[in-house]
Amino acid sequence: MSIADKLLSKMATQIRTAGYAGRQDLAITDYQGIEDGRRVGQVVISHNPTLKPPTGRDIEEFVLATFGNGVLANLDTVKIHTDLHAVSVVMATQVSTRPITDADSPSMVRLNPLSYVDANTHEVWDVSADDAGRRFMIRQSSDNLADIIEARRVRSRTAPKLAQAKVAAGIDMGVGDRVSFYDNGLVAYGKIQDLDGATVGIEAAAGVVRVDKQAILKVIAKGEAQVADSKKGLQKYFSEAFGDAAYAAELTEETTKD
């Protein structure tokens, strides 16, 4: 168990022992899986309409009190839906990893070039790589996030339903954008190569991968084409507004400085 896992476990124990004193009005009302939904998904947390949306701290405490250290919420993905009196956030089951050097341990038996089984625990470990190409091992798990969420989902006629298009619409993405995204339950980084309906082709360190649009977490930097189009439109606006092309060009550059 990593240090982070131990800290989360300790915090979960303390919260359960002390009793959850956070937002008692919060409830999970809907879920939309990302990829196959086994590890990652968009979760809708509803709140009392008379109260403000939950803060990041509220969400962390709620998730920890509800799932212990088995499920984590990515606060970078929180979206507030005022019309639904809810927030949506990407959650993922905890993923156990170990150094690639562990593959040389006497207890590890190779099943194929990318999978090993630990003879002591009978756990299967797959070889993976991060966005920098560094290899490590990730444990296969039978934990299914969809089942975990379903067991705790509150059903109500008035509960908001997760509109897939509505939740995804908050991310304005285009070819050339650099993004963070979920790939096999892990956060990765890359550049969008193409958009094809509900999926996105991304050039990442490990090669080109295709993921659901729902798997995109954040646009880190806009592509050069989008930036150029934006500047062109802005310069046209300034030129028409002030009637001075030279001043419009200068104002555009000043406005779009990093």
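Here the structure is a predicted model, which is why all the values come from computation and not from measurement. (Residues numbered from 1 in each chain as written. Predicted model: local features only at pLDDT ≥ 70, side-chain atom pairs only at ≥ 80, totals over all residues. Heavy atoms only, no water.)

Draft legend 1. Structural context of the pairing of strand β6 (residues 108-112). Judged from the four bridges that link them, β6 and strand β7 (residues 115-118) form a sheet pairing that is antiparallel. The residue of β7 that forms the bridge with V109 is V117. Linking β6 back to β7 in an antiparallel pair, the connection comprises two residues. (Pairing = 2+ DSSP bridges. Helix = DSSP H or I, 4+ residues; strand = E, 2+ residues; numbered from the N terminus.)

Draft legend 2. Here's a closer look at the pattern of salt bridges. One pass over the structure, following the stated rule, counts seven salt bridges. For R210, the salt bridge is made with D194, and the minimal N-O distance between the two is 2.6 Å. With R210 in strand β13 (residues 207-212) and D194 in strand β11 (residues 186-196), the pair connects residues that are 16 residues apart, well separated along the chain. Classification of R210 as partly exposed rests on a relative accessible area of 44%. Connected through shared salt-bridge partners, R23, D25 and D58 make up one network. (Salt bridge = Lys/Arg side-chain N within 4 Å of Asp/Glu carboxyl O. Buried < 20%, exposed > 50% of the residue type's maximum accessible area, 1.4 Å probe, protein only.)

Draft legend 3. Spotlight on the side chain of S180. Within the fold, S180 resides in strand β10 (residues 178-183). For S180, a relative accessible area of 7% corresponds to the buried category.

In short, geometric facts, not functional conclusions.
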